[in-house]
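Structural features, examined
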Amino acid sequence: MSCKLRSSYTIKAGDTLYLIAQRELGNGDRWHEIMKPNGSPFTEAESGNLQVGQQICLPKNGSTSGSSGEGFASIVSRESYEAISRIVTDCIATRAL
């Protein structure tokens, strides 16, 4: 499937949804606006399991979420957010085994 109403993006090594949203949308807190090609959102587990070469869909330019930016990620550094994200992802993966 392709991104019909959105811009497509191909995952590169080291990408996270937070970093992609920061770079492409101007605000890492907007990572939840990034969708899978079928139009469904990423779950927390899926967001931590991106594959190089995977296609994702970004909102078209000018699209905003209306968020005030007062969420969790706005009060911690990007590095802290990513570290917490890795820990949570590892915990979820461990439970799945």
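These figures come from a predicted structure and were not determined experimentally.

Another point: the overall build of the protein. Across its full length, the protein carries three helices and two strands. In sequence order, the secondary structure elements of the protein are arranged as β-α-α-β-α. Surface exposure of the protein reaches about 6300 Å², of which carbon and sulfur atoms provide 53%.

In this model, the protein carries an average pLDDT of 79, and 73% of its residues clear a pLDDT of 70 or more. Counting contacts from residues 62-70, a segment whose pLDDT is below 50, to residues more than four positions away or on other chains yields eight contacts.

Here we take up the environment of glutamate 33. Considering the arrangement of structural elements, one finds glutamate 33 in the loop between α1 (17-25) and α2 (44-47). Separated by 16 residues in sequence, glutamate 33 and leucine 17 place their C-alpha atoms 9.5 Å apart. Looking at glutamate 33, its side chain comes within polar contact range of the side chain of arginine 30, at 2.8 Å.

Bringing the nonpolar core into the picture now. As a rule of thumb, nonpolar side chains are buried together in soluble globular proteins. Of all hydrophobic cores here, the largest spans 13 residues; its most connected members are Leu17, Ile20, Ile34 and Ile56. If you list the elements that add at least two residues to this core, you get α1 and β2 (55-58). Residue contributions to this core peak at five residues, all from α1. When neighbours within four sequence positions are excluded, leucine 17 is seen to be in contact with Trp31, Ile34, Phe42, Ser47, Leu50 and Ile56.

Let's shift gears to α1. Of all the positions in α1, only Leu17, Tyr18, Leu19, Ile20, Ala21 and Leu25 are classed as buried. Directly beyond the C-terminal end of α1, a positive phi value near 85° is found at glycine 26.

This part is about the pattern of salt bridges. A complete count under the given rule lists four salt bridges for this structure. Among the ionic pairs, glutamate 24 bridges to arginine 23, the shortest N-O distance being 3.6 Å. Note that arginine 30 and glutamate 33 form a salt bridge whose closest N and O atoms lie 2.8 Å from each other. On the basis of relative accessibility, which here comes to 10%, the residue arginine 30 falls in the buried class.

Okay, the side chain of lysine 36 next. Structurally, lysine 36 can be placed in the loop between α1 and α2. Here the side chain of lysine 36 touches glutamate 46 through a polar contact of 3.0 Å, side chain to side chain. In this structure, lysine 36 is in contact with Pro41, Phe42, Glu46 and Cys57, ignoring residues within four places of it in sequence.

Criteria and thresholds
- Residues numbered from 1 in each chain as written.
- Predicted model: local features only at pLDDT ≥ 70, side-chain atom pairs only at ≥ 80, totals over all residues.
- Heavy atoms only, no water.
- Helix = DSSP H or I, 4+ residues; strand = E, 2+ residues; numbered from the N terminus.
- Areas by Shrake-Rupley, 256 points an atom, 1.4 Å probe, with all protein chains shown as cover.
- pLDDT = per-residue confidence, 0-100.
- Contact = heavy atoms within 4.5 Å.
- Polar contact = N/O pair within 3.5 Å; in protein donor to acceptor, adjacent residues only side chain to side chain.
- Core = buried A, V, L, I, M, F, W, Y, C linked by side-chain atoms within 4.5 Å.
- Buried < 20%, exposed > 50% of the residue type's maximum accessible area, 1.4 Å probe, protein only.
- Salt bridge = Lys/Arg side-chain N within 4 Å of Asp/Glu carboxyl O.

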